[in-house]
Amino acid sequence: MKDVLERYGLIPRRPEVIDSSMLKMFMDCPSKFYLRYVLGLIRAYKDHVDAAKFDWGTCWHYVMEAYYSNELSLPHALVAMEQNYPEYITPSRDRHHRSKERMAEALFTYHDKWESQNAEYEVLRNEQFFDVYSEEDDLRWAGRVDQIRRRKRTRRIRVWDHKTSSAMGDLYFTSHELGFQFPGYVWASDQVTPGEVVEEITIDVMYMIAKTTDFFRRTFRYDAFRKAEWIRNVKTILDRMDFMLTNHLYDPGAWELNWNECTRYGACTYLPVHNTAPRGDTRLRVLGNDYKISRWDPRRGTSEGDEE
Ligand code: SF4
C-alpha cells in the first residue's frame, strides 16, 4: 500500500506531538485526522468563504499580541492590524459585513471596555508555545497559549485565550469549558511555571455580526480533579490513535469515516474525496490532484508550505 500512496505523492507520517485540534479532529472523524495530520493535506486552492473565519481571527490575535506586548498600546495594535488584515474580507464579500474599519473600531471599544480590568493583571508571557512532557502524568502535549497573566491582588496565575466568534449560542461558553483545549492549556501552563499552581483560564471573546460588535469574558477553573479527569480522557484517546498509527499508517481505508461530521459547520474540506465512490484508486487520485502537503507543527503554530 505504501507504493500505491507514493504513486499519488502521498506520504504518511506519524505526528511527533499532538495538540488539542489534532485530538479533537481524531475524535470527530478519524479519517479526517488521517488526511489532515498523517498525510498532511490541505486543499490546493484557498476557499475564501471558508478561510474568512480563520483569517479574521488570526488577524485579531496579531492585534491582541501587539496590544498586550506593548503595554496596551493602540498604535502598536493598529500597525499589527495593517500588516495582517486579510484584504479580501470586505463588507461586500463577507456575510457579517466585516471590514478593516470595523476591526479598528472594535479595538477602540475593546480598549475602553477592558482597560480598568486589564490593570488588575500583569502579563507574564505572550504567545507562549509549549511542548511539554510530564513524567508524573506520562503525557506529552503541545500547543500555544495566547497569554499567561498574574492577578495582582491574589498573585494567582491565569491563562488567557482570545477568541473571535460570529455565533454565540447559549452553550458557547459551556462548550469551551468542557472541551479539551482549555484544560490542556491550564495543564501545560502548570508545567511551564514551576512552583506555581495554575488552575484558571479566561476566554476573552470578540463577537461580531453584521449588526453589532460586543466583547465578553468568562473564567473557568480546573482544579486537580478536573485536570486528572482530562489526563485520563486524553490518554485513552491517544492510546486509540497510537493503535491506528502503529497498525494502519499506510492504509487510509482503515480509518473510520464519521459521516455525521461531513456537513457540520459547512462542508468538510475533504468532502470531495469521500463524495467519490471508493472504487480502485479514485480517492487517492483526488487527493493527489486537488490537495497539497502542508504539515501542521503545533510547536510553532504553523504549517510548512502554507500559502501566504
Ligand atoms: S467528508 Fe466526512 S467522512 Fe470525510 S473526512 Fe470529512 S467528516 Fe470525515
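Residues numbered from 1 in each chain as written. Predicted model: local features only at pLDDT ≥ 70, side-chain atom pairs only at ≥ 80, totals over all residues.

**Remarks on the overall build of the chain**
The number of helices and strands found in the chain is 11 helices and 9 strands. Over its C-alpha atoms the chain spans a radius of gyration of 21 Å, differing by no more than 12% from the 19 Å that the globule rule assigns to 308 residues. In terms of overall dimensions, the chain has a C-alpha envelope of 65 × 55 × 35 Å along the principal axes. Counting only contacts in the chain whose residues sit at least 6 apart along the sequence, the fraction spanning at least 24 positions is 66%. (Helix = DSSP H or I, 4+ residues; strand = E, 2+ residues; numbered from the N terminus. Rg over C-alpha atoms; globule rule 2.2 N^0.38 Å. Contact = placed C-beta atoms within 7 Å.)

**Here's the deal with the site of the ligand**
Surrounding the ligand, one finds Cys-29, Ser-31, Lys-32, Leu-257, Asn-258, Trp-259, Glu-261, Cys-262, Cys-268, Tyr-270, Leu-271 and His-274. Across the shell around the ligand, the residue classes break down as 7 nonpolar, 3 polar and 2 charged. (Near = placed C-beta within 6 Å. Nonpolar A, V, L, I, M, F, W, Y, C, P; charged D, E, K, R; others polar.)

**What to know about the sheet that holds strand β6 (residues 213-221)**
Pairing is mixed in the open sheet, where 5 strands are placed in the order β2-β3-β4-β5-β6. The sheet is open, and its two borders are formed by β2 (121-134) and β6, each paired with just one other strand. Across this sheet, the average inter-strand angle for adjacent strands is 30°, counted without regard to direction. The sheet strands contacting helix α6 (residues 100-118) are β2, β5 (200-208) and β6, and the helix crosses β6 at an angle near 45°. (Pairing = 2+ DSSP bridges. Axes fitted to C-alpha atoms, helices over the stretch in contact; angles between N-to-C directions.)

**Description of the nonpolar core**
In terms of nonpolar packing, the biggest core is built from 37 residues, with Met-22, Phe-33, Val-159, Tyr-185, Val-186 and Ile-201 touching the most fellow members. Contributing elements (two or more residues each) for this core: α2 (20-28), α3 (30-38), β1 (41-43), β3 (139-151), β4 (157-165), α8 (181-192) and α9 (224-248). Summarising the domain contributions, this core has at least three residues from each of domain 1 (2-46 + 238-303) and domain 2 (48-234). Setting aside chain neighbours within four positions, we find Val-159 in contact with Val-145, Ile-148, Tyr-185, Val-186, Ser-189, Val-198 and Ile-201. Cys-59, Val-63, Met-103 and Met-208 belong to the second largest nonpolar core, which has 20 residues in total. (Core = buried A, V, L, I, M, F, W, Y, C linked by C-beta atoms within 7 Å. Buried ≥ 20, exposed ≤ 12 C-beta atoms within 10 Å, placed from the backbone. Domains from an automatic or database assignment.)

**Remarks on the domain arrangement of the chain**
You can read the domains of the chain as domain 1 (2-46 + 238-303) and domain 2 (48-234). Here domain 1 and domain 2 have C-alpha centroids that lie 27 Å from each other. The interface is formed by 13 residues belonging to domain 1 together with 13 residues belonging to domain 2. When its residues are assigned to classes, the side of domain 1 that touches domain 2 shows 5 nonpolar, 3 polar and 5 charged.

**Notes on the confidence of the model for the chain**
With 95% of its residues at a pLDDT of at least 70, the chain reaches an overall mean of 92. Across the chain, α3 holds the top mean pLDDT of 98, while strand β9 (residues 302-303) sits lowest at 65. (pLDDT = per-residue confidence, 0-100.)

**A look at the environment of Asn-275**
By the element assignment, Asn-275 lies in the loop between α10 (271-274) and α11 (282-290). A count of 12 C-beta atoms within 10 Å places Asn-275 in the exposed class. Between the alpha carbons of Asn-275 and Phe-173 there is a distance of 34 Å; along the sequence they are 102 residues apart.

**Considerations on helix α5 (residues 74-84)**
Among the residues of α5, Ala-77, Ala-80 and Met-81 are the ones counted as buried. Around the axis of α5, the buried residues are gathered within 100° of arc, so they sit on the same side. Among the exposed residues of α5, those oriented more than 90 degrees off its buried face are Pro-75, Glu-82 and Gln-83. (Arc of directions from axis to C-beta.)

**Quick word on the environment of Gln-181**
With respect to the secondary-structure elements, Gln-181 resides in helix α8. We classify Gln-181 as partly exposed; it has 17 C-beta atoms within 10 Å. Along the chain, Gln-181 and Leu-245 lie 64 residues apart, while their C-alpha atoms are 22 Å from each other.

**Remarks on the pairing of β2**
In this sheet, β3 lies alongside β2 in antiparallel orientation, the contact comprising 12 bridges. Among the inter-strand pairings, Asn-126 is bridged to a residue of β3, identified as Gln-147. Between β2 and β3, which pair antiparallel and follow one another directly, the connecting turn spans 4 residues, one of which, Asp-138, has a positive phi of 50°.

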